[in-house]
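As a plain string of letters, each chain reads:
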Amino acid sequence: MSTVDPVTPVLTKRWLSPRSWSIQTYEQLEGYTAVRKALAATPEQIVQVVKDSGLRGRGGAGFPSGLKWSFMPPNEDKPHYLVINADEGEPGTCKDIPLMMADPHSLIEGCIIASYAMRSHHCFIYVRGEVIHCIRRLNQAVAEAKAAGYLGKDILGSGFDLEITVHAGAGAYICGEETALLDSLEGRRGQPRLKPPFPAAAGLYAAPTTVNNVETIASVPFIINGGAEWFRKMGTEKSPGPKIYSISGHVEKPGQYEAPLGTTLRQLLDMAGGMKDGIPLKFWTPGGSSTPMFTAEHLDVPLDFEGAVEAGSILGTTAVMVFNETVSVPWAVMKWTQFYKHESCGKCTPCREGTYWLTQILERMVDGNGTEEDIDTLLDVCDNVLGRSFCALGDGAVSPIQSGIKYFRDEFLALCQKNREKNRKPALAGAN
Ligand code: NAI
Ligand code: SF4
């Protein structure tokens, strides 16, 4: 029987409570009740509930979480690790850091349950190094949980032991890629590893490892308490559950909005107070700059893992960046491409060289020195990066360019034509 009402807010329900981050508030509001239930069940039963719930990874890729957990070997020949990817770095994405600031114990409770289910006795939370306030808050919450007997040896008399280490990254976007994150955690330069082997076969210190996003793991205590059926009442059949959409840009009230998966931008704009100063929408991203952009024609696209793909993009991190008519598309695309060039780890040639050349061409265009042929050159370079790069960063880097030209080619063309006019030599008087 469900103990939680099957409507949102779920993940954000404690965020506005006084001192929501403290263990006292957490315990008063049903906190650490799910872990008691979980420790009374078997690890296999927990994995099955998560599978039945249909929970899919909230880091961007949407991989089924229960299935991922089931890849962990049942024996304990080597130590098992759970690693939380809290290196939230995708442009526009701001859901995991607010979650850890407002409700860190929901993540910790999720870590205990997930670790128990995967027979892990050491969990790492890898947080991007810039958010020192968040790292402090997590460390405080881990200390509170340990003092209360939720971490350490023989948790709640169950015989299960778990330690959590909060690890600060050093500010590289690529360390959000799970295998680069593992390299970084081992003390090496963060660069993606070849997959397979996937982390469940050889992850941290070559031992079985599961890497999960913050929001994914924070959803787990609610699933244990509410049940798989309750969770499936939200969202869509293939993308069940609630989701935190982070909305930024030209809206009246930017921020985090929790809604069932499948919510449309039209509905999200209503929640966020509409377009700022009533200036009409021009373009937007469904899930960060790595996801192909949408336009005002896509207001009713259901923002779930299938709906976004059917409409020509991907859901990504549900970082909804909204731009009004005052914004130049080539300029925005150039800014994103500069970011990818800066963050490319340099391991593979298509991404390392491609992002360099794409940036050069876009900067030239925006500076008023581009030619019409540059548009085709941009698309040609994109074709040589997409699908030929070692990790998802390369594919993500070309998304804004390809989609920007697809929907706003005229704007790129106008920039170049203006340049052609500027450079045209004045006709000589009397020449024929
Ligand atoms: P992916 O689809 O390669 O993998 C997703 C997860 O499923 C990984 O944990 C992977 O190990 C697992 N997996 C996939 N296939 C598997 C198999 N056959 N066997 C076992 N495990 C398997 O996607 P990836 O590269 O991990 O993530 C890409 C997404 O990350 C993008 O869609 C983007 O939206 C998102 N992203 C998020 C950022 C953030 O700040 N949260 C930053 C940048 C990108
Ligand atoms: Fe590094 Fe880019 Fe290649 Fe990924 S695609 S491995 S970030 S160079």
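In this text, all values refer to a predicted model and were calculated from it rather than measured experimentally.

**Student:** Which residues make up the domain arrangement of the chain, and what values go with them?
**Tutor:** Along its sequence, the chain is organised into domain 1 (23-232), domain 2 (242-324) and domain 3 (329-430). Here the C-alpha centre of domain 3 lies 39 Å away from the C-alpha centre of domain 1. Facing 13 residues of domain 1, the contacting portion of domain 3 comprises ten residues. Here domain 1 packs against domain 3, burying approximately 890 Å² in sum over the two surfaces, 70% of which is carbon and sulfur. Summed over the three residues of domain 1 that lose the most area to domain 3, namely Tyr173, Ile174 and Pro192, the buried surface amounts to 52% of that side. At the boundary of domain 1 with domain 3, the tally comes to four residue pairs in polar contact (both at pLDDT 80 or more). Tallied by class, the residues present in the side of domain 1 that touches domain 3 amount to six nonpolar, three polar and four charged.

**Student:** Describe unusual backbone geometry, listing the residues and the values that go with them.
**Tutor:** Here Lys195 and Pro196 are connected by a cis peptide whose omega angle stands at -10°. Relative to the elements of secondary structure, Pro196 occurs in the loop between α8 (178-185) and β4 (209-213). A cis geometry characterises the amide bond from Pro196 onward to Pro197, with omega recorded as 5°. Mapped onto the secondary structure, Pro197 falls in the loop between α8 and β4.

**Student:** Pulling in residues and values, what's your account of the side chain of Lys95?
**Tutor:** Residue placement: Lys95 occurs in the loop between β1 (81-86) and α5 (96-102). Assessed through its relative accessible area of 1%, Lys95 is described here as buried. At a separation of 3.2 Å, a polar atom in the side chain of Lys95 contacts the main-chain carbonyl oxygen of Arg58. Within polar-contact distance, the side chain of Lys95 engages the side chain of Asn213 at 3.2 Å. In this structure Lys95 touches Trp15, Arg58, Glu88, Asn213, Glu215, Lys243, Ile244, Ser246, Gln256, Thr317 and Thr318, once residues within four positions along its chain are discounted.

**Student:** Describe the site of ligand 2, listing the residues and the values that go with them.
**Tutor:** Near ligand 2 there are 13 residues, and of these Cys345, Lys347, Cys348, Cys351 and Cys391 occur at the shortest range. When grouped by side-chain class, the residues that make up the shell around ligand 2 number eight nonpolar, four polar and one charged.

**Student:** Describe the environment of Ile279, naming the residues involved and giving the relevant values.
**Tutor:** Summarising the element assignment, Ile279 is placed in the loop between α11 (265-271) and β7 (281-285). C-alpha separation for the pair Ile279 and Thr326, spaced 47 residues apart in sequence, amounts to 8.3 Å.

About the thresholds
- Residues numbered from 1 in each chain as written.
- Chains lettered and ligands numbered in written order.
- Predicted model: local features only at pLDDT ≥ 70, side-chain atom pairs only at ≥ 80, totals over all residues.
- Heavy atoms only, no water.
- Domains from an automatic or database assignment.
- Contact = heavy atoms within 4.5 Å.
- Buried area = accessible area lost by both parts, 1.4 Å probe.
- Polar contact = N/O pair within 3.5 Å; in protein donor to acceptor, adjacent residues only side chain to side chain.
- Nonpolar A, V, L, I, M, F, W, Y, C, P; charged D, E, K, R; others polar.
- Helix = DSSP H or I, 4+ residues; strand = E, 2+ residues; numbered from the N terminus.
- Buried < 20%, exposed > 50% of the residue type's maximum accessible area, 1.4 Å probe, protein only.
- Near = heavy atom within 4 Å.

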